[in-house]
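Structural characterization, general
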Amino acid sequence: MTAITTGRLSLEVCNTSYVLVDGNCLIQDISFDVDVGEIVAIVGPNGAGKTTLIRMIAGLAAPTSGNVLLDGVAIDQMSFADRAQQIAYLGQSENVDGRLSVLQYIGLGLLPHRRLFASDLSSELSTGAMKAVGLDRLADRRMDQLSGGERQKAKIARAICQQPKLLVLDEPTNHLDPQARGELLGLIAQMGITVIAALHDLTLIEAFAQKTAVIAGGRLMTFGNSIDALSSRQVRDVFGVDLHRFKHPGQDRIIPSLDIPMFASV
C-alpha cells in the first residue's frame, strides 16, 4: 500500500501520571520518547493502565501531572481542531452510524480538513483510502452490513483519509480472527507515520512494532526494542506465561509463541 498520509510527529511522554479524584493512581510517572515514524506497542495485563495512557496520548484525557508532547507542544494545550488535524484515534468501541455507506464513513476522516480540499479532491482522497485497505468493492455497502474485520479496515481507511501525523490505537485487533489481525496490522504498518498501539496479542508485536512499552500496575516496567522488551523473563514476570521463539521451518525468521497453561477449574 502506498502511504497516503505524509505528516509525521515525534512524541514525548514526560513523567506522566493520572490520578483519580479518589486518589487511585492509574498511571504513575511514565516517561518515554518515540522517534518520528516509529511504531510503538503498549502492552500489559488487564487493568495495567494501557487505555488510560492511550487516551492521554490521543488528547482525550489530560495528565494530572507531567506532559505528553507532540513536537514539543503539550497535547492537552492544543485546540480540538489542531488535535483532529494531527491525531487519528481508534478506540476499542465506537458507535458507528450503520446507515452510512463505507465510502461515506471513510469520508468522515476529511472533516478536520474540510476547508482545505475541494470536493473533487475530497472524493479522490476518500476513494484512494478505501482502495488502500481493499474495500473498494464494498463502497456502497452499509456499515452495519460489514464483518468485524471489514469494519476495522474501514476505520483504518478513515484514519488514512484524515491525513494524521500520529495514529493512536486501543486494541485494534480485538474480536478479529488471526488472519484479519495480521492484515489489519500490516495496513497500519504501511501508513508510514508514527503509531502508538495498545495490543493484547504478544506474538504479533515483534513483526509490527519497532519498540514496546510494558506497563503493569500503572508503572512502566521496560521500554525499548520489542524483542528485548518482550524477553522471556519480562513476559513471565508481567503476564505469568512463557514466551518462546522458534525458527520458522521454511523462512529466515523467528516465530514467537506463548505457552499458556490450562488450569483445571476448582
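Scroll up to find the structure this text is about.
Notes on the structure follow. This one's a predicted model, so the numbers in the text were calculated from it and none came from an experiment. (Residues numbered from 1 in each chain as written. Predicted model: local features only at pLDDT ≥ 70, side-chain atom pairs only at ≥ 80, totals over all residues. Heavy atoms only, no water.)

1. Observations regarding the overall build of the protein
Test applied: The numbering of helices and of strands both runs from the N terminus, where a helix is a DSSP run of H or I of at least 4 residues and a strand a run of E of at least 2. As a reference, a globule follows 2.2 Å times the number of residues to the power 0.38, and the radius of gyration itself is taken over C-alpha atoms. By definition in these notes, contact holds between two residues if any of their heavy atoms fall within 4.5 Å. Accessible surface is estimated by sampling points in the Shrake-Rupley manner with a 1.4 Å probe; for residues, cover comes only from the protein chains shown. Under the counting rule used here, the positive set is Lys and Arg, the negative set is Asp and Glu, and His together with the chain ends is not counted. To locate a charge, take NZ of a lysine, CZ of an arginine, CG of an aspartate or CD of a glutamate.
A tally of helices and strands in the protein yields nine helices and 12 strands. Scaling as 2.2 N^0.38, a compact globule of 266 residues should have a C-alpha radius of gyration of about 18 Å, and the protein matches this with 19 Å. Judged by the C-alpha coordinates and their principal axes, the protein covers about 55 × 50 × 40 Å. By sequence separation, contacts in the protein at least 24 residues apart represent 65% of the contacts at least 6 residues apart. Total accessible area on the protein is roughly 13200 Å²; 48% of this is exposed by carbon and sulfur atoms. Within the protein, one finds 24 positive and 28 negative side-chain charges whose respective centroids are separated by 4 Å.

2. Considering the pairing of strand E9 (residues 211-216)
To keep things clear, this is the line we draw: Burial classes: relative accessible area under 20% of the type maximum marks a residue as buried, over 50% as exposed, and values in between as partly exposed (1.4 Å probe, protein chains only). DSSP bridges decide pairing: two strands pair if at least two such bridges lie between them.
Of all six residues that make up E9, five are buried, and the element is covered over most of its length. The pairing of strand E3 (residues 39-43) with E9 spans four bridges and is parallel. Paired with Ile42 across the strands is Ala213, a residue of E9. When E9 meets strand E10 (residues 219-225), the two strands line up antiparallel, connected through six bridges. The residue of E10 that forms the bridge with Ala213 is Phe223. As consecutive antiparallel partners, E9 and E10 are separated by two residues, and within that stretch Gly217 has a phi angle of approximately 60°, a positive value.

3. A look at the state of the cysteines
In plain terms, the rule: Working definition: a disulfide is two cysteine sulfur atoms within 2.5 Å of each other.
The final tally for this structure, using the stated rule, is zero disulfides. For Cys14, which is in no disulfide, the shortest distance to another cysteine sulfur is to Cys25 and amounts to 17 Å.

4. Description of the layout of surface pockets
Picture a little ball the size of a water molecule; that probe, rolled over the atoms, points out where space is still empty. Using the following cut-off: We place a 1 Å grid over just the protein atoms. Points where a 1.4 Å probe fits but has no way out form a cavity, open points with protein on both sides within 12 Å along at least 5 of 7 lines form a pocket, and any residue with an atom within 4 Å of a point lines it. Grid points are joined across faces, edges and corners, and a volume is the space filled by probe spheres set on the points. As a working rule, the residues Ala, Val, Leu, Ile, Met, Phe, Trp, Tyr, Cys and Pro are called nonpolar, Asp, Glu, Lys and Arg charged, and the rest polar, with Gly in that last group.
When its volume is computed, the largest pocket comes out at roughly 460 Å³. Lining the largest pocket are 19 residues; nearest its centre among them are Phe80, Ile87, Tyr89, Arg158 and Gln162. Contributing elements (two or more residues each) for the lining of the largest pocket: helix H2 (80-86), strand E6 (87-90) and helix H5 (148-162). Residue contributions to the lining of the largest pocket peak at four residues, all from E6. Residues belonging to the lining of the largest pocket are distributed by class as follows: 12 nonpolar, four polar and three charged. Taken as a whole, the second largest pocket holds about 200 Å³ of empty space. Along the walls of the second largest pocket sit Thr203, Leu204, Glu206, Ala207, Arg253, Ile254, Ile255 and Pro256, which together make up its complete lining.

5. Here's the deal with the sheet that holds E3
To keep it simple, the criterion reads: Interaxial angles span 0 to 180 degrees and are taken between N-to-C directions of axes, which are lines fitted to C-alpha atoms, for helices over the stretch in contact.
If you walk across this open sheet you meet the six strands as E6-E7-E8-E3-E9-E10, and the pairing is mixed. Taken across any chain shown, the strands that pair with only one partner, and hence form the sheet edges, are E6 and E10. Adjacent strand axes in the sheet meet at a mean angle of 15° when their direction is disregarded. Examined bridge by bridge, strand E7 (residues 166-170) and strand E8 (residues 194-198) share five bridges and lie parallel to one another.

6. Topic: unusual backbone geometry
Phi angles above zero are rare outside glycine, and Asp29 is one such case at about 50°. In this fold, Asp29 is placed in strand E2 (residues 25-34). For Gln163, which is not glycine, the phi torsion reads 60° and is therefore positive. Taking the relative accessible area as the measure of exposure, Gln163 reaches 19% and is therefore buried.

7. Quick notes on helix H9 (residues 232-239)
Side chains that are three or four residues apart share a direction in an α-helix, a result of its 3.6 residues per turn. Spelled out, the test is: The arc in question is formed by the directions pointing from the helix axis toward the C-beta atoms.
Taken together, the buried positions of H9 are occupied by Gln234, Val235 and Val238. Buried residues of H9, seen end-on, are gathered within an arc of 95° and therefore sit on one face of the element. When the buried face of H9 is taken as reference, the exposed residues oriented beyond 90 degrees from it are Arg233 and Asp237. Of the residues trailing H9, Gly240 is marked for its positive phi of about 75°.

8. Some remarks on the pairing of strand E1 (residues 11-19)
As defined by bridge partners, E1 adjoins E2 across six bridges and the pair is classed as antiparallel. Bridge assignment links Tyr18 to a residue of E2, and that residue is Ile27. Connecting E1 to the next strand, E2, in antiparallel fashion are five residues, including Gly23 with a positive phi near 95°. Where E1 meets strand E4 (residues 65-70), five bridges bridge the pair, whose relative direction is antiparallel. Looking across to E4, one finds that Val13 is bridged to Val68.

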